[in-house]
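For reference, the chains in residue letters:
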Amino acid sequence: MNTFQDLGLEERILQAIADLGFVTPSEVQQKAIPVLLEDERDLVALAQTGTGKTAAFGFPMLQKIDVDSRTTQGLILSPTRELCLQITNELKNYGKYFKGLNVTAIYGGASITDQAKQVKKGAQIIVATPGRMKDMISRGMVDITKIEYSVLDEADEMLNMGFYEDITSILSHTPQDKSTWLFSATMPKEVAAIAKKFMYNPIEITVGHKNEGSKNVSHEYYLVNSRDRYQALKRLADANPDIFSVIFCRTKRDTQKVAEKLIDDGYSAGALHGDLSQNQRDLVMKSFRNKQIQMLVATDVAARGIDVDDITHVINYQLPDEIETYTHRSGRTGRAGKTGVSMVIVSKSELRKIKSIERKIKKSFEQKDIPGGMEICQVQLMSLANKVHDTEINHEIDPYLNDINALFEDTSKDELIKKFFSVEFTRFFNYYQKAKDLNLEAQNSSARDTSDEKSTRYFINVGRKDGYDWMTLKDFLKEVLELDKDGVFKVDVKDSFSFFNTETEQMEKVLAFFTDFKQNGRFINVEITEDKGRSRNRGRGGRKGGSRRSGDRKRNDKRSDSRSSGSGNRGDRRRSDGKSRSPRRSDSGSNSGNFASSRPRRNRRK
Ligand code: AMP
């Protein structure tokens, strides 16, 4: 069964599916939809958010209700207002060809009388948060005594949030013979108890394993001193210029503090926690959805409703107490068929928690190094170069080009390129040239230096855009280089390029192989990159720009005065106290320090 038609869905829904661009049913849809369409029975589905579960219950519910009637027939309970609104929107999209369909959202923090009016118009489906729903039942504003289908969505979250009593009370107003469909990412005993209490002989379907994280998420940890946590976070962000992430902290205070620091350092960040008003939270979420905020710093509770598909990274600034919370956090990325990374910044005392999480999610973590300063400079430079390369020319600049051309009359193309990129490169270079190695092992022992010499790090000009993730790139490299299982390691895939390590003894082989290797008609270029963590030992005379070319002689390799990029022609921005400002902050004081940022931002007042 590989198409939506095969699942038994009717034409009106198939039409909406086609409009939405869904091509194949997701696993939970394949497993749930035929069963729910065919039988009137209860269901327990273990599925993470992002697996397409809204459609898994939404399609059958739409197909089964009578839109010509004004009676409320379907009730969906969800933990947060955000999720409630999302489900409502999705259902409206799915049911756009059902004439007379009325799906109403009921949640706290908005006018109860308006919501009651919507219901009165004849809502066949109500999507509600438990607190407001209970309130409306007690005020006689809704009638759920003829419900035929009830859904408990994100049941584990609802119970975590203390909604057990409310759910029990709400369900007591619904008919015995309705069907109940329960969806939960994890199956703690409280959820099993609910299933037992309110459901009759439910079919159980599982997408992935119980309590297991999403298949599309890889897990990494970074071992640092507690006091270096914030610096480590910044490096992770700088090493991923296109990051779109949620950063989890344990307390509201830390959440606010980290967000403020990031904003102060010129990052596009925002805080989301319970001490903010609903209005403030809505604004932050809106900016995040619109990608005006790249880094959303959040508490677990506040982040419960976040249902954004393109999150590239989840960063655990601190680990949560409960392992199940980690599953929820990491499930915010790797959604809708995309891959994602869950990173943990961990201190030595928390290391054992990583082992417990591994056991629970049945996946291994990869220990990775916090990128060194020169690696970050290289990433930022290449990311900007790729952006410039892909930029469409805006001909509105044509009238001004004469003046610009006059300015550069005596400048060669080579020099112009160097000058252009130095504008941004210098900022990162000045900040990071003497940056220390944050990796705990490197700080604690010199043994690391020896082990570093045994391995070599490379830059390769393929990345996510070419369809690679860390696993497929690792496999590709192992195969073409004929290396064994652990022959390629520390693979780090960015948008247009990547990094990887091999044993140093393989270096000649690697460089020789990629001298003129073509894939899809394009040269794949591999260069040795700056060793991580070593930059602190190198003065200005060290290798800059971070690379040595492999033997591709076709390319122009003039780089005699490459040091101009590091000569600080705009003045060294290090402060007299020895600390340097974040590279994200530009000299003008504007907030657009993001190296590869394309969005104009408001000037920030200091
Ligand atoms: P959910 O798990 O319901 O929150 O769905 C996550 C995202 O996947 C939503 O944006 C859906 O619109 C989308 N989606 C659901 N089913 C499919 C599908 N079969 N193919 C592609 N996208 C889907």
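These remarks concern the structure in this document.

1. Considering the site of the ligand
Link 1 in the chain: Taken together, 17 residues lie near the ligand, and Thr24, Gln29, Gly52, Thr54 and Asp309 sit nearest.
Link 2 in the chain: Thr54 places a polar side-chain atom, nitrogen or oxygen, 2.6 Å from an oxygen atom of the ligand.
Link 3 in the chain: For the ligand, the accessible surface in isolation is 500 Å², of which the surrounding protein chains cover 81%.
Link 4 in the chain: Residue classes in the shell around the ligand are distributed as four nonpolar, eight polar and five charged.

2. Some details on helix H17 (residues 413–432)
Link 1 in the chain: Between its first and last C-alpha, H17 extends 28 Å over 20 residues, near the 28 Å set by a 1.5 Å rise per residue.
Link 2 in the chain: Along H17, the sharpest kink reaches roughly 45°, centred on Ser422.
Link 3 in the chain: Taken residue by residue, H17 has Phe421, Ser422, Glu424, Phe425, Thr426, Arg427, Phe428, Phe429, Asn430, Tyr431 and Tyr432 as its buried positions.
Link 4 in the chain: Tucked inside the fold, the buried residues of H17 contact helix H10 (229–238) and helix H15 (373–390).

3. A closer look at the packing of aromatic side chains
Link 1 in the chain: Enumeration over the complete set of coordinates arrives at 21 aromatic pairs.
Link 2 in the chain: Ring centres 5.1 Å apart and planes at 85° place the aromatic pair Phe420 and Phe421 in the edge-to-face group.
Link 3 in the chain: The exposure class assigned to Phe421 is buried, which follows from its relative accessible area of 16%.
Link 4 in the chain: Each ring, one from Phe459 and one from Phe499, has its centre 6.0 Å from the other, and the planes form 70°; the classification is edge-to-face. Linking Phe459 in strand E15 (residues 455–460) with Phe499 in strand E17 (residues 498–503), this pair joins segments that are 40 residues apart in sequence.
Link 5 in the chain: Phe459 gets classed as buried once you look at its relative accessible area, which sits at 3%.
Link 6 in the chain: Given the relative accessible area of 0%, Phe499 is considered buried.
Link 7 in the chain: An aromatic cluster is defined as three or more aromatic residues linked by ring pairs; in this entry it consists of Tyr468, Phe476, Phe513, Phe514 and Phe517.
Link 8 in the chain: The cationic tip of Lys261 hangs over the ring face of Tyr230; the distance from NZ or CZ to the ring centre is 4.4 Å.
Link 9 in the chain: Seen from the ring of Phe523, Lys518 lies directly overhead, with NZ or CZ sitting 5.2 Å from the centre.

4. Focus: the sheet that holds strand E7 (residues 203–206)
Link 1 in the chain: The strand order E3-E4-E2-E5-E6-E1-E7 describes an open sheet built from seven strands, whose pairing is parallel. The sheet is open, and its two borders are formed by strand E3 (103–106) and E7, each paired with just one other strand. On average, each strand axis in the sheet is tilted by 15° relative to the strand beside it, whichever way the strands run.
Link 2 in the chain: Across four bridges, strand E1 (residues 43–46) lies against strand E6 (residues 179–184) in parallel orientation. Considered in E6, the bridge of Leu43 is made with Trp181.
Link 3 in the chain: Contacting strand E2 (74–77), strand E4 (125–128), strand E5 (149–152) and E6, helix H3 (residues 53–64) crosses the sheet at an angle of about 165° to E6.
Link 4 in the chain: The strands touched by helix H5 (residues 112–120) are E3 and E4; relative to E3, the strand with the most contacts, the crossing angle is about 155°.

5. Some words on the nonpolar core
Link 1 in the chain: In this structure, Leu9, Phe59, Ile76, Ile125, Trp181 and Phe183 are the most contacted members of the largest nonpolar core, which totals 41 residues.
Link 2 in the chain: Sorting elements by how many residues they give to this core places H3 first, with six residues.
Link 3 in the chain: Core analysis: the second largest hydrophobic core is formed by 32 residues, Ala116, Met141, Met158 and Leu182 among them.

Cut-off values and rules
- Residues numbered from 1 in each chain as written.
- Predicted model: local features only at pLDDT ≥ 70, side-chain atom pairs only at ≥ 80, totals over all residues.
- Heavy atoms only, no water.
- Near = heavy atom within 4 Å.
- Polar contact = N/O pair within 3.5 Å; in protein donor to acceptor, adjacent residues only side chain to side chain.
- Areas by Shrake-Rupley, 256 points an atom, 1.4 Å probe, with all protein chains shown as cover.
- Nonpolar A, V, L, I, M, F, W, Y, C, P; charged D, E, K, R; others polar.
- Helix = DSSP H or I, 4+ residues; strand = E, 2+ residues; numbered from the N terminus.
- Expected span 1.5 Å × (residues − 1).
- Bend = angle between axes of the 7 residues up to and from the residue.
- Buried < 20%, exposed > 50% of the residue type's maximum accessible area, 1.4 Å probe, protein only.
- Contact = heavy atoms within 4.5 Å.
- Phe/Tyr/Trp six-rings, centres within 6.5 Å; stacked < 30°, edge-to-face > 60°.
- Lys NZ or Arg CZ within 6 Å of the ring centre and 35° of its normal.
- Pairing = 2+ DSSP bridges.
- Axes fitted to C-alpha atoms, helices over the stretch in contact; angles between N-to-C directions.
- Core = buried A, V, L, I, M, F, W, Y, C linked by side-chain atoms within 4.5 Å.

These values are about where atoms sit, not about what they do.
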